[in-house]
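Take a look at the letters that make up each chain.
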Protein chains: 2
Amino acid sequence: MIPSCMQGAASLSFPIPVYVQSCASIVSQKEAEGPLGKHFDMVCPDPKFGEDTWEASESTLQKDTALLAIRKSGLSIPEIRLAFAGDLLAQTSASSFGIAGIGIPFYGLFGACSTMGEALSLGAMAVSAGYASHVLCATSSHFATAEKEFRFPLGYGSQRPASATWTVTGSGACVLGDCPPALPVPGQSAPLRTEKGCAVIQGITTGKLIDYGMKDSLNMGACMAPAACDTICQNLFDFGRSPDDYDCIFTGDLGTVGQRILQDLLLEKGVDISRQHQDCGMLIYDSKAQDTHAGGSGCGCAASVLTSFILPGVADGKWNRVLFVPTGALLSKVSFNEGDTIPGIAHAVIIEHREVQP
Amino acid sequence: MIPSCMQGAASLSFPIPVYVQSCASIVSQKEAEGPLGKHFDMVCPDPKFGEDTWEASESTLQKDTALLAIRKSGLSIPEIRLAFAGDLLAQTSASSFGIAGIGIPFYGLFGACSTMGEALSLGAMAVSAGYASHVLCATSSHFATAEKEFRFPLGYGSQRPASATWTVTGSGACVLGDCPPALPVPGQSAPLRTEKGCAVIQGITTGKLIDYGMKDSLNMGACMAPAACDTICQNLFDFGRSPDDYDCIFTGDLGTVGQRILQDLLLEKGVDISRQHQDCGMLIYDSKAQDTHAGGSGCGCAASVLTSFILPGVADGKWNRVLFVPTGALLSKVSFNEGDTIPGIAHAVIIEHREVQP
């Protein structure tokens, strides 16, 4: 017997709704100067976030964003039963020295830039199953830590090709819960609830590793597009839907090159998402004015766009149902230098508008 | 209303039992020469597992162990709905190029050497909630990849202090499911089922990050012991149990130094586990004869001892109820070199013997 929550081969629909209680985003100056600038909760002009090292900066950014999401929810830390988070650094050290220090029972994740999708998926599974009344999901990235982790020293002045993306210095965090978010209390809390309603996670599609043999770490969009294609097709198949059943399909950080590849790959399968598709990496920067080439990237790209722009839009009824599909490129310095391919993975989360009785 | 599955502040008990369908372990020569040698499923005398690089070796080790666990379960790959795995390498690349390539929808984890506890916890949560009939949980470590990732080149001949541990070259994998394991079919399958019964996961305690300010990466036992202490105390408190309610409490890789610290820390809280405590890191090597100093370590240490020695023992009724508590030290090369502390985390899994009707 297949339980009613299982949909198709890789998807779940949640019989007990999972409410986004609150969400928070903190970014740095460059992101604040982009098209979404006015949507972020906080902008820190100091890229070091008051710390001595870049790694400590990212940890502080992530921890502060998580604490802000908790504060906005109106809950206290002990009311959050589980935390799910990860980041791009070796041994996910931004999370170990960031959110993990808050003291909530913690599961560390690694999904590269798909991490927010993984965290929301596992968090929603825990809430809908009754394992937790409230969970915290978060991730982050920082331009300087990512450059240091994956690329050449900036001082070398290496040229960035047109397909390269710019790592977002930003973090996004959500509190998920098993009941509708409370009404905001001015000066005290700001749950994700408008006069029109709130946002719920209705289902998920778990990604598989997809490897098309790409090896160019300065063309991550091409590395990740096949994974986005696979997960979107799987989602449509598992739920018996067409792209028109979504008001928007948001990928994480494919950028302009990856977007074209994704749309072409899907068209080959007879799926046209050109009307619905948006990419967080293309939304966050004005690529010409800000010289970011193909767009933004990093765990913090999808996460900060989700928590500043997508979730508030869904709660306000701007969109009724969206598919959030952050994509991750699974590489390390070592795997790249040893000539390995760069496989991708993408996790999809179905987010829907819900009216709430006053 | 608190659902019946929530126990105390950080624990869950599973109302729907989660059965260990099968388990598999593969190790290298040094582990085969240790006290548990005869228990492992396979020993590969070539430390490169037929590959060209150490990283590819670990990936192959992990993938082969996962495939062996699936084969032993008698299931086919498409019957496994979700996979949970991680490892010690930067960006968990042993898993990205290992188990993730099997094609099962995949959640990547990072919990350092606590990863097997994290994978079993999330896997059991998914099965008990009806999200998956069968899931795969796995992890690995390799002496050479870990030395390369975290330490000085071996050729420098750096001295290892007495508190240092030896990274296990090994992998362990389990298939969990929602029904009792089938009877073995000789030559075809070897589920974890004896005449006496099988093993089930009855509950979990999720670990919190614990930081006592330790900074010595050659004394990981001391870094991780406080986390083991916290999780064991939390487990006893949440379930209203005393150490005597467990036949054995197995920590992951504290080694001789960490064991003494753990037992002392627990005694300060009035908890005496000296009769129940065993440590996988102390079980896997003969530290004097094999010159491994404080014991074995690495994700593969707890995982290979679990799947070769602990789970078969529980299935056979040697122990009725054990607590499996792998511990992780959350550090990276960068965090260590920047002078950060080494926090620890430990996830506990309650494993019980169950009789099965023929």
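These numbers come from a predicted model, not from an experiment. (Residues numbered from 1 in each chain as written. Chains lettered and ligands numbered in written order. Predicted model: local features only at pLDDT ≥ 70, side-chain atom pairs only at ≥ 80, totals over all residues. Heavy atoms only, no water.)

**Q** Just to check I follow, could you spell out the confidence of the model for chain A for this structure?
**A** Keep in mind that low pLDDT regions are not for reading the predicted coordinates in detail. On average, residues of chain A carry a pLDDT of 96, and 99% of them reach 70 or more. Across the interfaces of the predicted complex, the ipTM metric reaches 0.97, alongside a pTM of 0.98. (pLDDT = per-residue confidence, 0-100.)

**Q** Please explain the interface of chain B and chain A as it appears in this structure.
**A** Often, the extent of an interface is quoted as the loss of accessible area on bringing the components together. Across the contact, 65 residues belong to chain B and 65 residues belong to chain A. When chain B packs against chain A, close to 4,700 Å² is buried across both sides, 62% of that on carbon and sulfur atoms. Of all residues in chain B, Q91(B), Y107(B) and Y131(B) give up the largest surface area on contact with chain A, accounting jointly for 18% of the area buried on that side. Counting across the chain B and chain A interface gives two salt bridges. Measuring nitrogen to oxygen at the nearest pair gives 3.0 Å for the salt bridge that ties E338(A) to K148(B). Taken together, chain B and chain A are joined by 26 residue pairs in polar contact (both at pLDDT 80 or more). When residues of the side of chain B that touches chain A are traced back to their parent elements, those giving at least two are β1 (6–7), β2 (11–28), β4 (82–86), α3 (93–96), β5 (106–109), α4 (115–128), α5 (143–150) and α11 (333–337) of chain B. Among the elements that line the side of chain B that touches chain A, the one with the most residues is α4(B), at seven residues. (Contact = heavy atoms within 4.5 Å. Buried area = accessible area lost by both parts, 1.4 Å probe. Salt bridge = Lys/Arg side-chain N within 4 Å of Asp/Glu carboxyl O. Polar contact = N/O pair within 3.5 Å; in protein donor to acceptor, adjacent residues only side chain to side chain. Helix = DSSP H or I, 4+ residues; strand = E, 2+ residues; numbered from the N terminus.)

**Q** Would you mind showing me how to read the environment of I99(B) here?
**A** All names here are of chain B. Checked against the element boundaries, I99 lands in the loop between α3 and β5. Separated by 37 residues in the primary sequence, I99 and L136 have C-alpha atoms spaced 9.5 Å apart. For I99, the contacting residues outside a window of four places in its chain are Q62, K63, A66, A85, A94, F106, L136 and A138.

**Q** Looking at this model, I keep getting lost on the pairing of strand β8 (residues 170–177) of chain B. Mind explaining?
**A** Within a regular strand, side chains alternate between the sheet's two faces. Here β8(B) lies mainly inside the structure; eight of its eight residues are buried. A two-sided burial pattern is seen for β8(B), the buried positions comprising G170(B), G172(B), C174(B) and L176(B) on one face and S171(B), A173(B), V175(B) and G177(B) on the other. (Buried < 20%, exposed > 50% of the residue type's maximum accessible area, 1.4 Å probe, protein only.)

**Q** Quick question: what am I supposed to make of the packing of aromatic side chains here?
**A** The relation between two aromatic rings is expressed through the spacing of the ring centres and the mutual angle of the planes. Tallied over the full model, the rule gives ten aromatic pairs over all chains. Ring centres of F250(B) and W319(B) lie 5.3 Å apart, and the angle between their planes is 75 degrees; this geometry places the pair in the edge-to-face category. On the criterion of sequence distance, the pair formed by F250(B) in strand β10 (residues 248–251) and W319(B) in the loop between α10 (299–315) and β13 (321–325) is long-range, its members being 69 residues apart. Take F250(B) and W319(B): they sit in the same class, and that class is buried. An aromatic cluster is present here, built from F250(A), F309(A) and W319(A) joined pairwise through their rings. It is K30(A) that lies over the ring of W166(A); its NZ or CZ is 4.3 Å from the centre. (Phe/Tyr/Trp six-rings, centres within 6.5 Å; stacked < 30°, edge-to-face > 60°. Lys NZ or Arg CZ within 6 Å of the ring centre and 35° of its normal.)

**Q** Honestly, the packing of helix α6 (residues 220–239) of chain A against helix α7 (residues 255–268) of chain A in this entry has me stumped. Any pointers?
**A** Residues and elements named next belong to chain A. Between α6 and α7, the shortest axis-to-axis distance is 8 Å and the interhelical angle comes to 40 degrees. It follows that α6 is oblique to α7 by the angle criterion. For α6 against α7, the interelement crossing comes out right-handed. Only G258, I261, L262, L265 and L266 of α7 make contact with α6, whose side of the interface consists of G221, A222, A225, P226, A228, C229, I232 and C233. Split by residue class, the contact of α6 with α7 holds eleven nonpolar, two polar and no charged. (Axes fitted to C-alpha atoms, helices over the stretch in contact; angles between N-to-C directions. Parallel < 35°, antiparallel > 145°, perpendicular 65-115°, else oblique. Left-handed = near helix turned anticlockwise from the far one by under 90°. Nonpolar A, V, L, I, M, F, W, Y, C, P; charged D, E, K, R; others polar.)

**Q** When you look at the relation of the copies chain B and chain A in this model, what are you seeing that I'm missing?
**A** Mapping between the two chain copies consists of a rotation about an axis together with a translation along that axis. Of the two same-sequence chains, chain B is brought onto chain A (RMSD 0.0 Å, axial shift 0.0 Å) by a rotation of 180 degrees. Interpreted geometrically, this transformation is the action of a two-fold axis. Both copies share a contact surface, since 100% of the interface residues of chain B are interface residues in chain A too. (Least-squares fit on C-alpha atoms with pLDDT ≥ 70 in both.)

**Q** Could you clarify how one ought to interpret the nonpolar core in this entry?
**A** Generally speaking, a soluble globular protein has its nonpolar side chains buried in company with each other. Membership of the largest hydrophobic core comes to 112 residues, with the highest contact counts inside it found for L176(A), F324(A) and L176(B). Judged by nonpolar contacts, the second largest core, of 59 residues, contains A112(B), I210(B), L262(B) and L323(B). (Core = buried A, V, L, I, M, F, W, Y, C linked by side-chain atoms within 4.5 Å.)

**Q** It is not clear to me how the packing of helix α2 (residues 54–73) of chain B against α5(B) should be interpreted in this structure. Could you clarify?
**A** Helices that pack against each other are described as a pair by the angle of their axes relative to one another and the distance between those axes. Residues and elements named next belong to chain B. As a packed pair, α2 and α5 sit with axes 8 Å apart at the nearest point and diverge in direction by 135 degrees. As far as their axial angle goes, α5 and α2 are oblique. Of the two elements, α2 crosses α5, and the hand of that crossing is left-handed. Between α2 and α5, the residues in contact are W54, E55 and E58 and A144, T145 and K148, respectively. Classifying every residue of the contact of α2 with α5 by side-chain character gives two nonpolar, one polar and three charged.

**Q** Would you take a moment to explain the pairing of strand β13 (residues 321–325) of chain A for this structure?
**A** Residues and elements named next belong to chain A. Of all five residues in β13, four are buried, a share of seventy percent or more. One ladder, built from four bridges, connects strand β10 (residues 248–251) with β13; its direction is parallel. Pairing of T251 across the sheet is with V325, part of β13. Note that β13 and strand β16 (residues 348–354) share four bridges and pair antiparallel. If you follow R321 over to β16, its bridge partner there is E352. (Pairing = 2+ DSSP bridges.)

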